[in-house]
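So you can see what is in the structure, the chains are spelled out below.
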Number of protein chains: 4
Amino acid sequence: MSALATAPAPAAAPARPAAKPYRLAAHPGRPATRPVRAGDLVFGGEAIVVIAGPCSVESREQILDVAHAVRAAGATVLRGGAFKPRTSPYDFQGLGETGLRYLAEARERTGLAIITEVMDSEDVDLVAGYADILQIGSRNMQAFKLLQRAARTGLPIMLKRGLQATIREWLLAAEYVLAAGNDRLILCERGIRTFDAEYTRNCLDLNAVPVVKHESHLPVVVDPSHGTGHTHLIAPMAAAALAAGADALMIEVHPDPERALSDGKQSLTPDAFADLMAGLRPRAHALGRTL
Amino acid sequence: MSALATAPAPAAAPARPAAKPYRLAAHPGRPATRPVRAGDLVFGGEAIVVIAGPCSVESREQILDVAHAVRAAGATVLRGGAFKPRTSPYDFQGLGETGLRYLAEARERTGLAIITEVMDSEDVDLVAGYADILQIGSRNMQAFKLLQRAARTGLPIMLKRGLQATIREWLLAAEYVLAAGNDRLILCERGIRTFDAEYTRNCLDLNAVPVVKHESHLPVVVDPSHGTGHTHLIAPMAAAALAAGADALMIEVHPDPERALSDGKQSLTPDAFADLMAGLRPRAHALGRTL
Amino acid sequence: MSALATAPAPAAAPARPAAKPYRLAAHPGRPATRPVRAGDLVFGGEAIVVIAGPCSVESREQILDVAHAVRAAGATVLRGGAFKPRTSPYDFQGLGETGLRYLAEARERTGLAIITEVMDSEDVDLVAGYADILQIGSRNMQAFKLLQRAARTGLPIMLKRGLQATIREWLLAAEYVLAAGNDRLILCERGIRTFDAEYTRNCLDLNAVPVVKHESHLPVVVDPSHGTGHTHLIAPMAAAALAAGADALMIEVHPDPERALSDGKQSLTPDAFADLMAGLRPRAHALGRTL
Amino acid sequence: MSALATAPAPAAAPARPAAKPYRLAAHPGRPATRPVRAGDLVFGGEAIVVIAGPCSVESREQILDVAHAVRAAGATVLRGGAFKPRTSPYDFQGLGETGLRYLAEARERTGLAIITEVMDSEDVDLVAGYADILQIGSRNMQAFKLLQRAARTGLPIMLKRGLQATIREWLLAAEYVLAAGNDRLILCERGIRTFDAEYTRNCLDLNAVPVVKHESHLPVVVDPSHGTGHTHLIAPMAAAALAAGADALMIEVHPDPERALSDGKQSLTPDAFADLMAGLRPRAHALGRTL
């Protein structure tokens, strides 16, 4: 792993105050990142983990198609929402448990690990019965009882940064998971809300990657799909995320983005995803990592 | 130059509407970036240009020392403020014309090109008598008469993005320079203001790099020193900027950062700058560029 | 009720598009606001409703003292958190059900209605057993299942705006409650997060009041305590809220602000609250309302 | 003048640190606001000053018509831009000196004082030859040499808050004017840029009024026209501004808003302006002020 991206020069590093308010999340000193295992996968090791799949599970066929395609291109985790937090109550809300069953079937057929979002405390046991990694979404980053409830399943947790959350708030939300006794926690930067949303849906905040690495031992995933909202920005921002020190990428892939029930504008086709992976592989190698 | 960072896949590129409001700045189609010459230098070519130097010119000795050091490490442009826009009237305001003379002497002794800020229309002729490239600072991005006045000198112009400016406003400010008949224009991303300023002084917005490349033919400089405000974030964000497609970097270097009259916390020592350059060189090569 | 604050001149009102995405929350035409009843209280009628009390229920004595004091000064609803969403897991999290019991006792002794926050779906039945009005807090504005769960209790709901939620998102969150069959819904503006937090904790967005009145039939509460974070700003911003058309105010009052377990800097003493009420009363009358 | 809006209770006021960085702008203690004279007018006295007129001077007839109309309705200062800072170089840039001459004629015929913007140091002497009050616009709030140059004319200065300027930065920009020897300075809140611009062009930040009153002795103008961008929001926000403690209002009025060359959507017709004034007058009286 390159010293450049993840290890600031000792002389330049500001003295760390004696006690951070996020004492379990805080960086205890070198080495920088404490790897988190999820089944056979390791987040925060030499290999960059790639999570790929559709925004929502829409049908059995759709998720199986995508699963085979992203696995062939090198992804090792399948994403897909069964319970979808949607701004409007009139938008597609996900297939619920049916979607979870399709995800489980995709895992069985491809060997991919499954990550999916849990939106509410009352759904934790249900979702935990299917998922390998529980995702806490941006809107729920500070749903503290949900965090604790999810933590107690013992499953690995991926905590997305709230679109309006400061890094301090994100690390303190992480602390809720850690303090509940679950240290299999990874963070996910997915873009913040600023004053400008004309050319990007959100502002993917890559500064957060070296900041979190400096403050904390937690592995960091970057999601350039939600982070930018436009397919033509995914390749450069994914490459930039790796250079900034990201441990994993989360990429939306849909067999037919124009007909996607959600987030079509930011979803790559399976072919475009394969091209992305091919383009990123030498980048990862130049950083001393594999993809 | 790598296709990955700067050239979105044709299939993914959204159709461009017939007429952009910034018609001179707008991207006319491939190739992506139209290089801008400044003396022997080319912004937007294969070679990454590195601009380095102190925030302010503080003394003859200081600027000559830094000039020699950054040149030895591979920089080709020397930065240094003689007229400093400062939030408070009681802060150091720069050495004025004396500072310009020191910069000119540094150019003579090192061969580095000089970039320095012009803050006011009434200073344009004075500053243009010394500088190789005129910098328009963030606070003046929409000082439209200053833009026109600076453009008419015929010198290359570097236009920093305002800390609250949308990308559309930035490109329209660029249009003022182009419409005044000066097409030697480069843009500089230097961090935007968001809701979080605890761990970073500004939020370096790397999304702006591929967005500007997609919208416009103008070369893009990235300034991770102002953009992050902390020395330990400069290396990872500089690497990320290159991966995102930046054509140049602007880095603050000071012989004694702790005694700097401005921006000490974000200034590298000459040694740390040399380390940064050594670390970035293989990164640039992996992207098919030189540094 | 004054036409000035709440009724834009017909000529000036922009044509409303045929269908708003928030079709149940949307303004159906005049009269502007559809009153919401909560026991004997009416939100959105001629009388301004005043909700007052401490941030958190800290002890039986504390809440009973405050309840008597705010009732004497003219408040009709008692606020007090029993389940507190706190940024850090190490901060005081509220007294839970014990706090709810103290609130119920305060109601019994004073006749005040009780509003208190429910943070999680699994707590809805418990909290609904004690509260007269359920509060959904800023951090949970888009916890959609919690909104639906709370709506189904049939109790009046007060939905606080998320601290970086757009007005559209807020109205769509409201739509989740309405679409779940509960039309006893009131909105609460409590300050948004911007780039400046030096002199105010949040930026109380009074523009939201006439905007919501123009877009929707829902009554609007304004919370200048959270909205500004400083006691010396509460009086002028409460007065401004009434002038902008607010139907109710929510004010933090604590018997000993300096010893408060949360939000002391923004809590008024009982005496200062009585002064505030006395100062606001003629203001309300000048607007054709009572307090 | 009402104690409620402008004078926080002594007990509630936080202790002021010994030295503010804006030492000339800082509040020296009671009484709150130090009035500023501009000819016969007083900003910061009992009478609320009303500034009205079009965004841009478009023709002799237009400005004379508006001048007579706003004077009849009770305004005492005429606004109108002759030099217009426009985001695009292809938009109407103002009539320049011709516009200034029309403004001077309007003053002669109506007795209204004239306020108009100066955008650039090189125009200061020209604009000062016509204006009674020099306006520094939002985009130039930190054009420090322009501030100093304008200050030296000795004319009253109205300094608009930058659209993403913190209150501290605004007060420090004010300090540049005061430190240049001109204490006839008034501040103008005109809306800030946030993450939400769907229903309001800007977010009129009324918190700034009591904050500036608490920090400084400078009178404060509020501009609800730019601040909200929509005519139907002007009346409630103007009323709220007075309640928050504003000393003056700035209102855009155009004889034919739909044909305005700039800012038509936020301009009142002369009739609507007369209605606004009639509606505000009892509000001002209820606050112990006149309009």
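Coordinates for the structure precede this section.
Overview of the structure. Along each chain, residues carry numbers from 1 onward, in the same order as the chain's sequence is written. Ligands are numbered from 1 and chains lettered from A, in the order in which they are written. Since the coordinates come from a predicted model, pLDDT governs what is reported: local features require at least 70, and pairs of side-chain atoms require 80 or more to be given and counted, while whole-chain, interface and lining totals use all residues. Only hydrogens and water are removed before side-chain values are computed, so all heavy atoms of the structure are retained for them.

### As for the side chain of B:Lys20
All names here are of chain B.
Part 1 of the reasoning: The numbering of helices and of strands both runs from the N terminus, where a helix is a DSSP run of H or I of at least 4 residues and a strand a run of E of at least 2. Mapped onto the elements of the fold, Lys-20 is located in the loop between helix H1 (3-6) and strand E1 (36-38).
Part 2 of the reasoning: Think of it in three bands: with a 1.4 Å probe and only protein chains considered, a residue is buried below 20% of the maximum accessible area for its type, exposed above 50%, and partly exposed in between. A relative accessible area of 17% places Lys-20 in the buried class.
Part 3 of the reasoning: N or O atoms within 3.5 Å of each other form a polar contact, as long as, within protein, one can give a hydrogen and the other can take it, and as long as residues adjacent in sequence are counted only when both atoms are side-chain atoms. Among the polar contacts listed, one links the side chain of Lys-20 to the side chain of Glu-215, at a separation of 2.6 Å.
Part 4 of the reasoning: Should any heavy atoms of two residues lie within 4.5 Å, those residues are considered in contact. If we skip the residues at most four places from it in the chain, Lys-20 touches Ala-26 and Glu-215.

### Topic: the relation of the copies chain A and chain B
Note on the chain copies: they are related by a rotation about an axis and a translation along it.
Part 1 of the reasoning: Residues below a pLDDT of 70 in either copy are left out; the C-alpha atoms of the rest, at least 70 in both, set the least-squares superposition of the copies. Once chain A is rotated about the relating axis by 180 degrees and shifted along it by 0.0 Å, it coincides with chain B to within an RMSD of 0.0 Å. In the structure described here, the two chain copies are related by an operation that fits a two-fold rotation axis. Closest to the rotation axis within chain A is the C-alpha of A:Ala240, separated from it by 2.1 Å.
Part 2 of the reasoning: Looking at the interface residues of chain A, 100% of them are also at the interface in chain B, so both copies use one shared face.

### A few points about the sheet that holds strand E7 (residues 157-160) of chain A
Residues and elements named next belong to chain A.
Part 1 of the reasoning: If DSSP finds at least two bridges between two strands, the strands pair. Around the barrel, which closes on itself, the 8 strands sit in the order E3-E4-E5-E6-E7-E8-E9-E10 with parallel pairing between neighbours. The average angle at which neighbouring strand axes cross in this sheet is 25 degrees, direction not considered.
Part 2 of the reasoning: Strand direction decides the pairing type here: strand E6 (residues 133-136) and E7, joined by 3 bridges, are parallel. In the sheet register, Gln-135 faces E7, and the bridge partner there is Met-158.
Part 3 of the reasoning: The strands touched by helix H3 (residues 97-110) within the sheet are strand E4 (77-79) and strand E5 (113-117), with E5 carrying the most contacts at an inclination of about 160 degrees. Under this scheme, a helix contributes an axis fitted over its contacting stretch, all axes are lines through C-alpha atoms, and angles between N-to-C directions fall in the 0 to 180 degree range.

### Quick word on the relation of the copies chain B and chain D
Part 1 of the reasoning: When chain B is fitted to chain D, the residual RMSD is 0.0 Å, and the transformation amounts to a turn of 180 degrees plus an axial shift of 0.0 Å.
Part 2 of the reasoning: With an isologous cut-off of 70% or more, the 100% of interface residues of chain B that recur at the interface of chain D puts this contact in the isologous class.

### Comments concerning empty space enclosed by the protein
Part 1 of the reasoning: Definitions used for this entry: grid spacing 1 Å over protein atoms alone; cavity, a set of points where a 1.4 Å probe fits but cannot get out; pocket, an open set with protein on both sides within 12 Å along at least 5 of 7 lines; lining residue, one with an atom within 4 Å of a point. Grid points are joined across faces, edges and corners, and a volume is the space filled by probe spheres set on the points. Under the criterion given, the structure shown has 19 cavities of 30 Å³ or more.
Part 2 of the reasoning: Computed from the structure, the largest cavity encloses a volume of approximately 210 Å³.
Part 3 of the reasoning: In terms of lining residues, the largest cavity is bounded by 21 residues, among which A:Ser138, A:Arg139, A:Gln164, C:Ser138 and C:Arg139 are the most central.
Part 4 of the reasoning: Residue polarity is assigned by list, with Asp, Glu, Lys and Arg as charged and Ala, Val, Leu, Ile, Met, Phe, Trp, Tyr, Cys and Pro as nonpolar; anything else, Gly included, falls into the polar class. Along the lines of polarity and charge, the residues of the lining of the largest cavity split into 6 nonpolar, 9 polar and 6 charged.
Part 5 of the reasoning: For the second largest cavity, the calculated volume is near 120 Å³.
Part 6 of the reasoning: Around the second largest cavity sit A:Ala239, A:Leu242, A:Ala243, A:Arg283, A:Ala286, A:Leu287, B:Ala239, B:Leu242, B:Ala243, B:Arg283, B:Ala286 and B:Leu287, which together line it.
Part 7 of the reasoning: A class-by-class count of the residues in the lining of the second largest cavity yields 10 nonpolar, no polar and 2 charged.

### A short note on the packing of helix H2 (residues 60-73) of chain C against helix H3 (residues 97-110) of chain C
All names here are of chain C.
Part 1 of the reasoning: Closest axis-to-axis distance for the H2/H3 pair is 9 Å, and the angle between their directions is 35 degrees. For the crossing formed where H2 meets H3, the hand is right-handed. The residues of H3 that touch H2, namely those facing Arg-60, Ile-63, Leu-64, Ala-67, His-68 and Arg-71, are Tyr-102, Leu-103, Glu-105, Ala-106, Arg-109 and Thr-110.
Part 2 of the reasoning: Taken together, the residues of the contact of H2 with H3 break down into 6 nonpolar, 2 polar and 4 charged. Crossings are sorted by hand: turned counterclockwise from the far helix by less than a right angle, the near helix makes the crossing left-handed, and turned clockwise it makes it right-handed.

### Here we look at the pattern of salt bridges
Once their charged atoms are close, side chains differing in charge can pair, the charge on each being opposite to the other.
Part 1 of the reasoning: Criterion for a salt bridge: a side-chain nitrogen of Lys or Arg within 4 Å of a carboxyl oxygen of Asp or Glu. Overall, the coordinates contain 76 salt bridges over all chains when judged by the stated rule.
Part 2 of the reasoning: Notably, a salt bridge pairs A:Asp205 with A:Arg161, separated by 2.9 Å at the nearest N-O pair. Linking A:Asp205 in the loop between strand E8 (185-189) and helix H7 (208-215) with A:Arg161 in the loop between E7 and helix H6 (167-179), this pair joins segments that are 44 residues apart in sequence. The same class applies to A:Asp205 as to A:Arg161, namely buried.
Part 3 of the reasoning: Residue C:Lys160 is joined to C:Asp223 by a salt bridge in which the shortest nitrogen-to-oxygen separation is 2.8 Å.

### Regarding the interface of chain B and chain D
Part 1 of the reasoning: Each partner contributes to the interface: chain B provides 35 residues, whereas chain D provides 35 residues.
Part 2 of the reasoning: Summed over both partners, buried area is the accessible surface (1.4 Å probe) that two parts give up on being assembled. Looking at the side of chain B facing chain D, the largest losses of area belong to B:Tyr90, B:Lys145 and B:Arg193, adding up to 22% of the total buried there.
Part 3 of the reasoning: Between chain B and chain D we count 6 salt bridges in total.
Part 4 of the reasoning: We note a salt bridge from B:Glu169 to D:Arg193, for which the minimum N-O separation is 2.5 Å.
Part 5 of the reasoning: On inspection of chain B and its partner chain D, the count reaches 20 residue pairs in polar contact (both at pLDDT 80 or more).
Part 6 of the reasoning: Those elements that place two or more of their residues in the side of chain B that touches chain D are helix H5 (144-151) and helix H6 (167-179) of chain B.
Part 7 of the reasoning: No other element matches the 6 residues that H6(B) contributes to the side of chain B that touches chain D.
Part 8 of the reasoning: Among the residues making up the side of chain B that touches chain D, the classes are represented as 16 nonpolar, 8 polar and 11 charged.

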